[in-house]
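Inside the fold
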Amino acid sequence: MSENQNLLAEQRRALIVDEVRRRGGVRVNELTRRLGVSDMTVRRDLDALARQGVLEKVHGGAVPVVEASTHEPGFEAKSGLEPTAKEEIARAAALLVAPGTAIALSGGTTTYALAHHLLDVPDLTVVTNSVRVADVFHSAQRGSGQRQGAATVVLTGGVRTPSDSLVGPVADQAIATLHFDVLFLGVHGISAEAGLSTPNLAEAETNRRLVRSARRVVVVADHTKWGVVGLSSFAALGQVDTLVTDAGLPAEARAEVSEHLRLVVAGEAEDAADA
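Rules of the game
Residues numbered from 1 in each chain as written. Predicted model: local features only at pLDDT ≥ 70, side-chain atom pairs only at ≥ 80, totals over all residues. Heavy atoms only, no water. Helix = DSSP H or I, 4+ residues; strand = E, 2+ residues; numbered from the N terminus. Polar contact = N/O pair within 3.5 Å; in protein donor to acceptor, adjacent residues only side chain to side chain. Core = buried A, V, L, I, M, F, W, Y, C linked by side-chain atoms within 4.5 Å. Buried < 20%, exposed > 50% of the residue type's maximum accessible area, 1.4 Å probe, protein only. Contact = heavy atoms within 4.5 Å. 1 Å grid on protein atoms, 1.4 Å probe; cavity = no way out; pocket = protein on both sides within 12 Å on 5 of 7 lines; lining within 4 Å. Points joined across faces, edges and corners; volume = space filled by probe spheres on them. Nonpolar A, V, L, I, M, F, W, Y, C, P; charged D, E, K, R; others polar. Pairing = 2+ DSSP bridges. Axes fitted to C-alpha atoms, helices over the stretch in contact; angles between N-to-C directions. Expected span 1.5 Å × (residues − 1). Arc of directions from axis to C-beta.

Another aspect to go through is the side chain of arginine 254. Relative to the helices and strands, arginine 254 resides in helix α10 (residues 251–258). Among the polar contacts listed, one links the side chain of arginine 254 to the backbone oxygen of alanine 247, at a separation of 2.9 Å. At 2.9 Å, the side chain of arginine 254 and the backbone oxygen of leucine 249 are in polar contact.

Take a look at the structure:
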């Protein structure tokens, strides 16, 4: 399959997920008409999305997966969700990083995408509780040698979560002794009422420590995170300086977010570096 076909499949599946979430379910014949593809293509897309755990196939179509507030998908499952949006968010968020600063990256697939865009920013100190994020920098250094200006990476200890974050008392103690200029924070859910939340209680406490140690807090989250509430809230919207999201965030949500913090919509804000 060519790269163009892969991109089209990714776009189709993102549209299917949005339709399922917005309408509470879709039928195969509706999707074939809307997308202009065959019945077999739609069924393959539904099979792929069902394997990722983002929808449930039913006779003739698909419905949303009803998730408990304690449900935490693994890293691989989350990697397949909104990949284009995450890449756009990562590119926009990278513009907020100045050379020579100390930054922190929490665990998550969007911060993982962001890490790849920071490899050429010189003289960074990167604190992270994400095994995946740390490996991005370490792999780059192994591949190119210890180049001048390469990031210094501090990986906290801790207990590994399904999303490959390190949490718990060891991580909390390490973070509490540090201070960084900007924290880039991935979230499970974000809402006006609950603020930032996660289904993992230990991760919530570690995220609280990250927020307290940062001069500025930047949340990187695609539009599907809006309105999602996990088991434990760890920060109010008022504790966040900037939300970097994608163009899928509805107008009413944009207005609500803008009452509390700065909103950067990837692809619509070219002046992010001036933040």
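Turning to the nonpolar core, a few remarks are in order. Core analysis: the largest hydrophobic core is formed by 30 residues, its most contacted members being Ile103, Leu105, Leu118, Phe137, Phe184 and Val244. Per element, the largest residue contribution to this core is 5 residues, and it comes from helix α5 (residues 83–94). Beyond its immediate sequence surroundings of up to four residues, leucine 118 is in contact with Ala94, Val97, Ile103, Leu105, Leu124 and Phe137. Residues Leu185, Ala214, Val240 and Val257 belong to the second largest nonpolar core, which totals 26 residues.

The next subject is empty space enclosed by the protein. Summed over the entire model, instances satisfying the criterion amount to 1 cavity of 30 Å³ or more. Considering the residues around the largest cavity, the lining is formed by Leu119, Phe137, Ala140, Gln141, Arg147, Ala150 and Ala151. Partitioning the lining of the largest cavity into residue classes produces 5 nonpolar, 1 polar and 1 charged.

Further remarks concern the sheet that holds strand β3 (residues 61–64). A sheet is described by the order of its strands in space; here 3 strands give the open sequence β1-β3-β2, paired in antiparallel fashion. Strands at the two margins of the open sheet, each flanked by one partner only, are β1 (26–27) and β2 (55–58). In this structure, β2 lies alongside β3, joined through 4 bridges in antiparallel fashion. By the bridge assignment, leucine 55 is partnered in β3 with proline 64. Lying on the sheet, helix α3 (residues 39–52) is in contact with β2 and β3; it crosses β2 at an angle near 135°.

You can see arginine 147 is positioned in the loop between α7 (131–144) and β6 (152–155). A residue is classified by how much of its surface remains accessible, and arginine 147, at 31% relative accessible area, is partly exposed. Put simply, arginine 147 and proline 122 are 25 residues apart on the chain and 9.9 Å apart in space, counted from C-alpha to C-alpha. Not counting chain neighbours up to four residues away, the residues in contact with arginine 147 comprise Leu119 and Asp120.

Here the focus is α3. Taking 1.5 Å of rise per residue, 14 residues should cover 20 Å, and α3 covers 20 Å from first to last C-alpha, within 8% of that figure. Considered for burial, the residues of α3 that qualify are Thr41, Val42, Asp45, Leu46, Ala48 and Leu49. For α3, the angular spread of the buried residues around the axis is 160°, confining them to a single face. Residues of α3 that are exposed and point over 90 degrees away from its buried face: Met40 and Arg51. Within two residues after α3, glycine 53 carries a phi angle of roughly 85°, on the positive side.

Structural measurements only, silent on function.
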